[in-house]
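Below are the chains, spelled out letter by letter.
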Amino acid sequence: MTATVPPVRHSSKTPSPGGRPAAGGRAPRSRLRLPARLRRASLPYVLLLPALALELLIHLVPMVVGVVMSFKELTQFFISDWSAAPWKGLDNYRVAVDFNAPVGEDLLKSFLVTCEFTVLAVGLSWLFGTAAAILMQDAFRGRGLLRAVFLVPYALPVYAAVITWSFMFQRDTGMINHVLHDQLHLTDGRPFWLIGDNSFFALVTVSVWRQWPFAFLCLMAGLQNIPRELYEAAAMDGAGIWQQIRRITLPSLRPVNQVLVLVLFLWTFNDFNTPYVLFGRAAPDAADLISIHIYQSSFVTWNFGSGSAMSVLLLLFLLVVTVIYLLATSLRRKDA
């Protein structure tokens with residue numbers, strides 16, 4: 001009698017060593033692809049978390065606290081617990097904008113001085129930066145060294161640079177009076193530069209010296225994108241250097257100038273380090289910028305509520321100017 005052997009069924013999915021399916025088998029897609037997709041989608045947000053956390057702690061939280069403080073009667077008696085200061089509402093704002101009262105009148109004078117200072121500093125910084133960037137376009141011997149020298153004021157720490165200028169502006173031992181009075185004989189006597197009306201010009205000089213290399217750097221980068229063929233064609237048509245600058249260079253640099261002027265305006269209007277290091281805690285009336293004025297209203301007179309209200313008004317002014325500037329430039333760009 002012969003035994004019958006049952007037929008062996010061969011499966012197409014042969015297990016590989018270790019219990020994993022062979023190459024011909026199909027692994028479940030949902031378990032392998034879904035976590036990878038989630039990792040790819042969340043990676044940008046994970047990378048942004050440190051920057052967002054620092055922005056929240058350094059800028060947003062103090063800004064919110066400052067707004068809350070502007071509605072309180074916060075003086076030196078409530079420094080230990082500022083939240084216990086009595087609520088004052090809009091009284092701090094009313095005092096700040098009452099230009100017939102001493103506080104509002106001083107704030108208005110400081111605001112006008114800051115506007116005048118900003119216009120001069122930004123205008124001269126842009127002018128010097130544009131002239132230097134245009135002159136540095138053509139190749140000549142020593143151009144690289146001269147570019148590096150131009151960028152030195154921007155690379156120096158602000159405190160070291162301003163302290164050096166404060167020594168140079170000294171009346172009896174400063175280099176400015178030594179050159180103007182002793183060598184060039186342009187002044188009758190040795191003028192005071194850090195007090196009186198001359199302090200405004202000293203402040204403008206230091207600010208322009210520090211900021212024009214930044215304008216030079218931005219404009220020099222923008223000039224690299226202008227094709228040289230445009231200048232060659234203009235020269236063949238008989239256009240001079242001034243016509244080339246007016247018709248080619250400045251229109252091509254318009255997008256760079258729009259951002260540059262806005263950045264310089266915000267930096268200059270909010271500048272605190274330069275006047276504080278140059279003049280100390282009490283700046284002269286001719287150089288009483290609004291940043292120093294707010295500092296004195298807060299940390300000298302110990303009226304933090306009034307100083308916070310002035311800071312909020314300054315923030316609102318800068319926001320309004322920025323929005324108007326961006327809208328005007330965008331409409332001009334659409335018209336062009």
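Position numbers for residues count from 1 along each chain, tracking the sequence in the order it is written. Only residues with pLDDT of at least 70 are given local features in this predicted model, and only at 80 or more are side-chain atom pairs given and counted; all residues enter the totals for whole chains, interfaces and linings. Excluded from the side-chain calculation are hydrogens and water; included are all heavy atoms of the structure.

### Topic: the overall build of the protein
Stage number 1. Here a strand is any run of E in DSSP of at least two residues, a helix any run of H or I of at least four, and the numbering for each starts at the N terminus. Across its full length, the protein holds 14 helices and 0 strands.
Stage number 2. Buried positions account for 32% of the 336 residues belonging to the protein.
Stage number 3. Any pair of residues with heavy atoms lying within 4.5 Å of one another is described as a contacting pair. When contacts within the protein are restricted to residue pairs at least 6 apart in sequence, those whose partners lie at least 24 apart make up 64%.
Stage number 4. Working note: accessible area of the protein is about 22,000 Å², and carbon and sulfur atoms make up 66% of it. Throughout this description, buried means an accessible area under 20% of the type-specific maximum (1.4 Å probe, protein chains only), exposed means over 50%, and partly exposed covers the range between. Each accessible area is a Shrake-Rupley result for a 1.4 Å probe, and residues are judged covered by the shown protein chains and nothing else.

### Details of the pattern of salt bridges
Stage number 1. Throughout this description, the term salt bridge denotes a Lys or Arg side-chain nitrogen within 4 Å of a carboxyl oxygen of Asp or Glu. Inspection of every chain in the model, using the stated rule, returns 5 salt bridges.
Stage number 2. Where Arg 94 meets Asp 91, a salt bridge forms, and the shortest distance between an N and an O atom there is 2.6 Å. In this pair, Arg 94 and Asp 91 both sit in helix 2 (residues 91-97), 3 residues apart, roughly one turn of the helix.
Stage number 3. Judged by relative accessible area, which is 32%, Asp 91 ranks as partly exposed.
Stage number 4. Residues Asp 138 and Arg 228 are paired through a salt bridge, measuring 3.7 Å at the closest nitrogen-oxygen approach. Of this pair, Asp 138 sits in the loop between helix 3 (102-135) and helix 4 (143-150) while Arg 228 sits in helix 9 (residues 228-236), and the two are 90 residues apart along the sequence.
Stage number 5. You can call Arg 228 partly exposed: its relative accessible area is 42%.

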